[in-house]
Amino acid sequence: MKRIIVLFVLVIAIAGCTDKQKTAKENMNKQEFNYVADQFADLQILRYQVPGFETLSLKQKQLLYHLSEAALMGRDILYDQNNRYNLAIRRLLEAVYQDYQGDRNNAQFKALEVYLKRIWFSNGIHHHYGEDKFKPGFSPEFLDDCIRKIHTDRLPLRIGQTAEQFMMDVFPVIFDPAVMPKKTVQSGNQDLILASSNHYYAGGITQKEVEDFYAKMADPNDATPISYGLNSRLVKEKDGTIVEKVWKVGGLYTQAIEKIVSELGKAILYTENDKQKAVIEKLIEYYRTGDLKTFDEYAILWVEDTTSDVDFVNGFTETYGDPLGIKASWESTVNFINKEATKRTKVISDNAQWFENHSPIDDRFKKKEVKGVSAKVITVSMLGGDCYPATPIGINLPNADWIRRDHGSKSVTIENITEAYDRASQGNGFNEEFIWSDTEREAIKKYGFITDNLHTDLHECLGHGSGIILPGVDPNALKAYSSTLEETRADLFGLYYLADPKLTELGLTPDADAYKAEYYKYMMNGLITQLVRIEPGKDIEESHMRNRQLIARWVYEKGKDGHVVSFEKKDGKTYVRINNYPALRELFGALLAEVQRIKSEGDFKAGQQLVEDYAVKVDRPLHTEVLERYARLNLSPYKGFVNPVMKEIRNTAGEVTDVILDYTEGYTEQMLRYSKDYSFLPAYN
Ligand code: ZN
């Protein structure tokens, strides 16, 4: 809900490449921008453009510059949060990578390079999405040999540690699959804290001890509770006492946080207005004190600043990495408003009440008065911490429920990122492989980008905020099924309205057929293509993937008699075909009504059954077929981004006369530069 990530990128192929006119137009649109920066393992690294940056005022550019510096200063924090060995291992491998004198084409060195690139991508030794520890493709003997050939002062040694002791300490973490196997363990019967290898907790503290510690703090009658434990590591000391080590100036991670604060201080000089100035000053105060009440004050100032062009996120924000959802990873994005595209989200939020009133749900579950939703489309100019290189395409903050209730939330769609995804995937063969016919391919090519963004807007601006929970119903009644069902509800809201004539009337869709592109894409993804992310033999666990299969499978089953959606075979390959689009829309509406009822009434049993019946189990033969077809395309299931390089231009007097962007930096170059210029923490924290 708080963050949308791309689970499957809309892929637009250039249909009929012999059409010269079309090809010429495509090339013109692309402006010869090189979107792909690198590809390795299961990853593709892209570049994003920052359209409109040149037309900003010098002052705004300088504000963006200092906020961007602040976005990079916290990079090491995330590494250490993800695992206590991450910084040491990254620095070791970077030293080996840079100082290696042997043949850089030998297979062992190549494998080390891939391993290091994966660590950079995941900000640590565990997969960013699957959570499993990477298996190195090189041998301990090879690394041992490399380490002996580089100078010891290049090694991240602990005080008094020899190179031998260092290897004894670090090698099991790199090579032994049984040591720290998973970053975050989200479910199961084990102690989730002890089973997770992240560094939000230390000293062998148990899940029970963590839960007791925070249960004692929380006052159930507090209507405006702080986010207990958000900005600290919880540690069990040798004598058994449990203490919070707060991430702040003078506390844990102070070396990096001081740098962030210093850059934020420079940014203040270029703020656009007093409101924005107050936001940054409050953030600095919070970093200095670590006081979570101050953090809430900051979050309120931030959410209420809706008039500035430049905006940012900087701090301990999302709690996905902690199985208990208490501790937040450090992240940053820096951005400015895309005024043209924001007209679209404004139309949507201005009509929020109309959408609520006309929703196909029971009148008892409708909101009588929809509060203003602040939604905008933004252009990012720098990504940092947990937003880099893997990047969300939309963000909805702040996270504290009572702030959302009393002060609202900001919902953003990051359009220059979705655009880069879209452009980079053009012509990669995916659509030729999986889409039923040219009719659907053409529709997706023509409308796909618009309707995909619109679906995200509707999901975020209206879907999550729509409907009410009946009085007396426990808001947590759906328990472990709540996030899947919540995403299902928001997606269905978007799908249902995409086909509404009202959208064309409001000028949001170009014509009455546009929605078909998104319907086809959604059904193909939910029924077939998202399975490429599931390993053979496994079920679906991630809640967005579950929600997509739930919707697609449910409407397929319910529409079977009427032949609404069908599976078709061609040359032994399976395809999805939509035979009746209006009927499909009715089915989306019917499921929305049922999922809303489940939420409004807190009907756990019905919710559980929907998820277990439709969302979890994988069609094995289809899965095998899809994996084979996908493997032949040689594509990467995960993508991330390098940042542009932001440079200040100075005149002979030393004054800044402009800030410019350079897009030519490569992935390895950027990572090594960041490690050199933005690395402030000791190897062990
Ligand atoms: Zn959502």
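This structure is a prediction, so every number in the text was calculated from the model and none was measured. (Residues numbered from 1 in each chain as written. Predicted model: local features only at pLDDT ≥ 70, side-chain atom pairs only at ≥ 80, totals over all residues. Heavy atoms only, no water.)

(A) Molecular detail of the overall build of the chain. The secondary structure content of the chain amounts to 26 helices and 16 strands. Taking 2.2 N^0.38 as the reference for a compact globule, 685 residues should give roughly 26 Å; the C-alpha atoms of the chain span a radius of gyration of 25 Å, in line with that estimate. The principal-axis extents of the C-alpha atoms in the chain amount to approximately 75 × 60 × 60 Å. Looking at the chain residue by residue over its 685 residues, the buried ones come to 57%. Looking at the chain as shown, the accessible area adds up to about 28,100 Å², and 51% of this sits on carbon and sulfur atoms. Both charge centroids of the chain, one from 86 positive and one from 100 negative side chains, sit 1 Å from each other. (Helix = DSSP H or I, 4+ residues; strand = E, 2+ residues; numbered from the N terminus. Rg over C-alpha atoms; globule rule 2.2 N^0.38 Å. Buried < 20%, exposed > 50% of the residue type's maximum accessible area, 1.4 Å probe, protein only. Areas by Shrake-Rupley, 256 points an atom, 1.4 Å probe, with all protein chains shown as cover. Lys, Arg positive; Asp, Glu negative; His and termini not counted. Charge placed at Lys NZ, Arg CZ, Asp CG, Glu CD.)

(B) Quick peek at the pairing of strand S8 (residues 329–337). Of all nine residues in S8, eight are buried; the element is thus mostly enclosed. In this structure, strand S7 (residues 310–318) lies alongside S8, joined through eight bridges in antiparallel fashion. Within S8, the residue paired with Gly 315 across the bridge is Glu 331. Relative to strand S9 (residues 374–385), S8 runs antiparallel, the two being bridged by seven bridges. Bridging from a neighbouring strand, Thr 333 pairs with Leu 383 of S9. (Pairing = 2+ DSSP bridges.)

(C) Quick peek at the environment of Ile 435. In this structure, Ile 435 sits in the loop between helix H17 (430–434) and helix H18 (438–463). Sequence separation between Ile 435 and Glu 318 is 117 residues, and the spatial gap between their C-alpha atoms is 36 Å. Those residues in contact with Ile 435 that sit more than four places away from it in its chain are Glu 440, Arg 441, Ile 444, Tyr 520, Met 524 and Tyr 575. (Contact = heavy atoms within 4.5 Å.)

(D) Structural detail: the sheet that holds strand S6 (residues 242–246). On the basis of which strands lie adjacent, the open sheet formed by three strands has the order S4-S5-S6 and mixed pairing. At either margin of the open sheet sits one strand with a lone partner, and together these are strand S4 (201–202) and S6. Two elements, strand S5 (residues 232–236) and S6, share five bridges in a ladder whose sense is antiparallel. Note that in S6 the partner of Val 235 across the bridge is Val 243.

(E) Region of the structure containing the packing of aromatic side chains. By the definition in use, this model includes 37 aromatic pairs. Between Tyr 100 and Phe 109, the aromatic rings sit 4.4 Å apart at their centres with planes inclined by 15 degrees, giving stacked as the arrangement. Residue classification places Tyr 100 among the buried positions, given a relative accessible area of 16%. Here Phe 109 falls in the buried class, since its relative accessible area comes to 1%. Judged by centre distance (6.2 Å) and plane angle (55 degrees), the rings of Trp 354 and Tyr 497 are tilted. (Phe/Tyr/Trp six-rings, centres within 6.5 Å; stacked < 30°, edge-to-face > 60°.)

(F) Just the sheet that holds strand S14 (residues 638–642), in detail. Strand order in the open sheet formed by three strands is S2-S3-S14, and the pairing between neighbours is mixed. Lying at the two open borders of the sheet, with one neighbouring strand each, are strand S2 (36–40) and S14. Each adjacent strand pair in this sheet contributes to an overall mean axis angle of 20 degrees, direction not counted. Across four bridges, the pairing between S2 and strand S3 (residues 43–47) is antiparallel. Along S3, the bridge assignment pairs Phe 40 with Leu 43. Helix H5 (residues 107–122) rests against S2, S3 and S14 of the sheet, and its axis sits at about 120 degrees to S2. (Axes fitted to C-alpha atoms, helices over the stretch in contact; angles between N-to-C directions.)

(G) Seen up close, the packing of helix H3 (residues 75–82) against helix H4 (residues 86–99). For the pair H3 and H4, the least separation of the axes is 7 Å and the interaxial angle reads 115 degrees. Two secondary-structure elements touch here, H3 through Arg 75, Asp 76, Tyr 79, Asp 80 and Asn 82 and H4 through Asn 86, Leu 87, Arg 90 and Arg 91. For the contact of H3 with H4, the class distribution of residues is two nonpolar, two polar and five charged. (Nonpolar A, V, L, I, M, F, W, Y, C, P; charged D, E, K, R; others polar.)

(H) Molecular detail of the coordination of the zinc ion. Protein coordination of the zinc ion is provided by His 459 (NE2), His 464 (NE2) and Glu 487 (OE), with donor distances spanning 2.1 to 2.2 Å. Between consecutive donor residues of the zinc ion, the sequence gaps follow H-x4-H-x22-E. Taken as a pair, His 459 in helix H18 and Glu 487 in helix H19 (residues 482–498) lie far apart in primary sequence, 28 residues in all. Overall, the relative accessible area of 7% leaves His 459 in the buried class. Looking at Glu 487, the relative accessible area reads 4%, which means it is buried. (Donors = N, O, S within 2.8 Å, 3.2 Å for Na, K, Ca; no water.)

(I) Main features of the pattern of salt bridges. In the structure shown here, the tally under the stated rule is 55 salt bridges. As a salt-bridge pair, Glu 625 and Lys 569 come within 3.7 Å of each other at their nearest N and O atoms. Residue Glu 625 is found in helix H25 (residues 620–633), and its partner Lys 569 is found in strand S12 (residues 565–570); the two are separated by 56 residues along the sequence. Connected through salt bridges with shared partners, the residues Asp 362, Arg 364, Glu 594, Arg 597, Glu 601 and Asp 603 form a single ionic network. (Salt bridge = Lys/Arg side-chain N within 4 Å of Asp/Glu carboxyl O.)

(J) Structural detail: empty space enclosed by the protein. Summed over all chains, the structure comprises four cavities of 30 Å³ or more. There is about 90 Å³ of room inside the second largest cavity. For the second largest cavity, the full set of lining residues is Trp 302, Asp 311, Phe 312, Val 313, Thr 333, Asn 335, Lys 376, Ile 378, Ile 395, Leu 397, Lys 410 and Val 412. Contributing elements (two or more residues each) for the lining of the second largest cavity: S7, S8, S9, strand S10 (394–397) and strand S11 (410–414). The element best represented in the lining of the second largest cavity is S7, accounting for three residues. (1 Å grid on protein atoms, 1.4 Å probe; cavity = no way out; pocket = protein on both sides within 12 Å on 5 of 7 lines; lining within 4 Å. Points joined across faces, edges and corners; volume = space filled by probe spheres on them.)

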